[in-house]
Amino acid sequence: MSEATLTVMRHKGNCVRQVSVARRADMCDLGPERGIAEAGTPVDSVVGGAPRIQEDEDQRAIGPSALRGKIASFGPFRVRATERLLEKDCTSLKIGSRALDILIVLLEHAPDVVSKRDLMRRVWGKLVVDEVSLRFHVAALRKRLGDGACSVRYIKNIPGRGYCFAGVVTWAEAAAMPQKIAPATAPQLPREPLLVVGRDNAVRELITLLKKERFVSIVGAGGIGKTTIALTMAHRMLAEFEGAVHFLDLGAVEDPRLLAGLLVSKLGRVAVSEQPLPVILTSLRERRMLLVFDSCEHVIEDVAALAETIFRDAPLVHILVTSREALRAEGEQVHHLPPLECPPLTESLTATQALSFSAVQLFVKQVAHSGHAFELTDADAPVVADICRRLDGIALALEFAAARVGVHGVRGTSSLLDKHFRLLWRGRRTALPRHQTLSATLDWSYNLLSLAEQLVLRRLAVFVGGHSLEAALDVVAEGLGPAELTETLATLVDKSLVISDRTAATRYRLLDTTRAYAWQKLTEGGEDARVLRRHCEHMINALERFGARIWAPPSSENIDFFVLNLNDIRAALEWSFSDHGDAGLGAKLAGASACLLLQAGLLLECAAWTERAIGALDNSSEGTYLESELLACFASSIMVTRGNGPHIHTALIRALDIAERLKTAPMQLYLLHALYKWRIRSGDLRGIRDLTDRVESVAKRIADPLADAIAHGFFAVTCFFTADSREVRGHAHIALTAPVHLSKLNLASFGHLHRVRSTLARNLWVLGYPEQAVAAAEEAVHEAENLSHPVTLCYVLMSCVIVALETGDWQRAEKLVHRLSTIATKYELLTYARASVGWQGCLAVSRGELSRGVELLQTALAALHEDGYELYRPQLSLTLAEGFAKIGEQELAYSTICEAVSWADTRGRILELIDLLRAKGDILSSISASEAEACLLESLDLARQRGLFALELRAGISLARLWTDRAQREKALGLLDPIFNKVSEGFQTRDRVAAANLLQQLRSRN
Ligand SMILES: Nc1ncnc2c1ncn2[C@@H]1O[C@H](COP(=O)(O)OP(=O)(O)OP(=O)(O)O)[C@@H](O)[C@H]1O
Ligand SMILES: [Mg+2]
């Protein structure tokens, strides 16, 4: 016995569809029990195989042929009538039993015409069949003979008369051939799939379920692997069912009325009535068996009815169904087949990790199958993971992509996914027609949809990510009622074209490839423009409902919506600012989403969209809240990513002006906060007192604990920079203990008050408490690390590096600088990344790596000047000057320190000026002792006036050294000793160690 496949090409209009009817044909034994097709249908009979039934003699078809014992040869073909064999070039060909009968009869009479009636009588005996069956089998015969190809035609239709054999036949006597004995229960199954990845559990569980429940449907998207699993199961269950496993590929059945006939033939039975179901049931009740109905979606109603009846009336029969849509039949257990597993999006993924996911395994194996040596490397692993994710783990899509790797490489294939090319990638030549391309796979489903379903599917392609029912109702409903749309959406889910995720609030989404397909259909129909506009308007309306403001904390619903719809918001922004879009809508959408982008840390994106939106504002938007929100978000995002340029100041002033006119005090507070930040970052601290006062007066108008804390925080920072250090602690304490959790303002937007925390640490150092300063800095960094707010963390790291450098803890400083550089680079916070280079320079100079340090400092100073971020310029310039001095470049050292002193002096940098004067004194000590002394005395004096003990100690050490070098040891001792006596902690920090050494030296010489 062997599996025979009869194929006929049916021409339907322009479309040619291949129809295959699987059947078994005994190639050697023309037994009396040939099955007979249901009258009036072209379904072929099954010959041989158990169970068999004895036919009535009347129902036998052709009797002993005149060809018995002879061999007929024509072209490359030979027909051995006795053995019922058709050979081509000495190789036997599969051919259906009826088709062979027709050939034998025509050969017998060649070149005479045999009438259709005679032909049917000879082939079907007394069984009544119609001409459709005859035509069907003649077509099958012609196909087998390659009739018509290469202008050879063996079987000719003579209109109105019948058929004849038109070739040249020669005859010979046949030698006896040994009879082949067919096994009684040969499996009637297509070949078991050779490669099945990642489905072991599913197969096991489904087998258990099928044994227990008897009726299981595997449901899922096209190409996901339903048939692969069903076939694997069928083979594994052969023993369980003693060979009685029948696989019916319904994909080829166009006419649902053929179903029962197909089943009859599969069972090796004869159906003589137009109602074969009772015959089938009689047969099915006799024996335990498994019926596999594969690819049922297009004949779903008829399969549902048939399966339901069999399930109910034939309790020994188990039914396995594969379909893109569940049958919804009584007794059916639906198993929704998930896609193959894809690696989640992670920061790093090795090849070994990637290969633990079945989608990647399949992809890699398929690349190898396509004939290319391929080993997944760590470098390619994230790209392959991305391909798998974007193909949603659909086996067929992965197969197509894998086949492209040989030509385009992994990265090339990945980049092609962006385009819609993937729909046209061709698969295996031997695959089912609907598996030749992804487009064909989707055509199969799409063509089965109603017009309304097609319409909704096309329009849904506008959503980039998942979407809610409300969103669908809003965006795609045009021309459809809500009830109709809801129902249509549900049917699309049923048909595996839309995925519904019921984990939280139900969300719907199209698989990526389905979306690409539907999008193509949408654009082909020219419907995209309207739908894109609706989509953008929906995003605006949805976001505006939440009323997000830069100064207010977003509601959790707002955050959820934003996170879930981020890709759609991006797509809508992209469209609105495109040539075919509407920039006015874009400005509104940017205004409604900018603060969320900012708070999500997507600063570059925020800067880009708000900049475009500001450029698109028309007269009607001038002076509106929208304008001030856009300006505020633009300024805040660009300040740390692109630099602190004057245009940001202009934007903030304009936004503040609008906020003042609109009398929105919280917005004014935010903008004053941003202006303060801008000023501090610029390094020019003139005017920060005024700003602090303005903040205080606005804060008083807002009865809010955070507003109050912000005002005190500003006072603390201002006092620190103006060297009023003793005032800092009180203000900082009020700010940091305020009940800010009761605030209606957004703590994150105001930097979490971390400016205050890190200032407090630095202030402790200048006041002479290095140990407390280190502890406070540690705490500030620790807290900032827990905030998931990169900008705040960078700010805190920036100022806490200073504490480590000032105390001489190089290791700690190195760690902080490294962390700063990592975070700044990762989040593209350009100004902090550049600043970290400056700290690396300071560290190098401090450790004696002088030329490297000098180079880094010069680079950083130039870059930060370009960025307008010059808050730390005094420290960096000071160290650069010291570096020059240490490598013997006295002139450069001198000019650098002089420039730094005058820069600080003219910009209100009182605090830094004190230490700069000390450094200038040190540098001058080898040039002019008196000028050096003057500088050091001035530094000492300022430090004492302000109570800045750390700076007093530093100036004292330098002065004592100068005097020691000038043989004024007593004077030096008299200066340094009392200063050192005031040291209360931090004896291991660098200045204290230096002072102690110098004192010891001075005392020992005395
Ligand atoms: N687990 C798997 N391992 C390896 N290859 C697979 C796997 N699943 C599916 N394939 C391959 O993917 C292609 C599509 O699989 P299959 O025919 O089973 O899909 P299907 O879900 O039945 O599709 P359709 O809905 O069109 O009937 C086939 O070439 C098959 O060999
Ligand atoms: Mg299938």
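Reading the values: rules and limits
Counting of residues starts from 1 at the beginning of each chain's written sequence and follows it residue by residue. A letter from A marks each chain and a number from 1 marks each ligand, given out in the order of writing. The model is predicted, so local features are restricted to residues of pLDDT at least 70 and side-chain atom pairs to those at 80 or more, both for listing and for counting; the totals for chains, interfaces and linings are taken over all residues. Hydrogens are left out, water is left out, and the side-chain values use all remaining heavy atoms of the structure. Only Phe, Tyr and Trp rings take part, Trp by its six-membered ring, and two of them pair if their centres are within 6.5 Å. Stacked means planes under 30 degrees apart, edge-to-face means over 60, and tilted covers everything else. What counts as a helix is a DSSP run of H or I of at least four residues, what counts as a strand is a run of E of at least two, and both are numbered from the N terminus. Each residue gets one of three labels from its accessible area relative to the maximum for its type: buried under 20%, exposed over 50%, partly exposed in between, using a 1.4 Å probe on protein chains only. With axes taken as lines fitted to C-alpha atoms, and helix axes fitted only over the stretch in contact, angles between N-to-C directions fall between 0 and 180 degrees. Should an angle fall under 35 degrees it is called roughly parallel, over 145 degrees roughly antiparallel, and 65 to 115 degrees roughly perpendicular, with every other angle called oblique. By definition, any crossing whose near helix is turned counterclockwise from its far helix by less than a right angle is left-handed, and any crossing with a clockwise turn is right-handed. We call two residues in contact when some of their heavy atoms are within 4.5 Å. Side-chain classes are defined by residue name, with Ala, Val, Leu, Ile, Met, Phe, Trp, Tyr, Cys and Pro counting as nonpolar, Asp, Glu, Lys and Arg as charged, and the others, Gly among them, as polar. Two strands make a pair as long as DSSP finds a minimum of two bridges between them.

**What to know about the packing of aromatic side chains**
Per the counting criterion, the structure on display carries 16 aromatic pairs. Judged by centre distance (6.0 Å) and plane angle (20 degrees), the rings of Phe 577 and Trp 609 are stacked. Separated by 32 residues along the polypeptide, Phe 577 in the loop between helix H19 (556-576) and helix H20 (583-599) and Trp 609 in helix H21 (residues 603-616) bring together distant segments of the chain. This pair shows no difference in class: Phe 577 is buried, exactly as Trp 609 is. When the centroid spacing of 5.2 Å and the interplanar angle of 70 degrees are considered together, the rings of Phe 720 and Phe 721 count as edge-to-face. A single burial state applies to Phe 720 and to Phe 721, both of which are buried.

**Thoughts on the packing of helix H33 (residues 850-867) against helix H34 (residues 873-886)**
Interhelical geometry of H33 versus H34 gives an angle of 150 degrees and a closest axis separation of 9 Å. Classed by the angle they form, the pair H33 and H34 counts as roughly antiparallel. Relative to H34, H33 is oriented so that their crossing is left-handed. Of H34, the residues touching H33 (which contributes Leu 850, Val 854, Leu 857, Gln 858, Leu 861, Leu 864 and His 865) are Arg 873, Leu 876, Ser 877, Thr 879, Leu 880, Gly 883, Phe 884 and Lys 886. By residue class, the composition of the contact of H33 with H34 is 8 nonpolar, 5 polar and 2 charged.

**With respect to the sheet that holds strand S13 (residues 289-294)**
An order of S12-S13-S14-S11-S15 is seen for the 5 strands of this open sheet, with the pairing classed as parallel. With partners counted over all chains shown, the strands left at the sheet margins are strand S12 (245-249) and strand S15 (333-336), one partner each. Within this sheet the neighbouring strands show an average axis-to-axis angle of 15 degrees, counted without direction. Where strand S11 (residues 215-219) and strand S14 (residues 317-323) come together, 5 bridges link them in parallel fashion. Bridging across to S14, Val 216 finds its partner in Leu 320. Against the sheet, helix H5 (residues 226-236) makes contact with S11, S12, S13 and S14, and its axis sits at roughly 160 degrees relative to S14, the strand it touches most.

**Quick look at the sheet that holds strand S6 (residues 91-93)**
Across the sheet, 5 strands lie side by side as S6-S5-S4-S3-S10; this open sheet has antiparallel pairing. Each edge of the open sheet is held by one strand with a lone partner, namely S6 and strand S10 (170-173). Going across the sheet, the axis of each strand differs from the next one's by a mean of 30 degrees, ignoring polarity. Pairing of strand S3 (residues 70-74) with strand S4 (residues 77-80) involves 4 bridges; the strand directions are antiparallel. The residue bridging Ser 73 from the neighbouring strand is Arg 78, located in S4.

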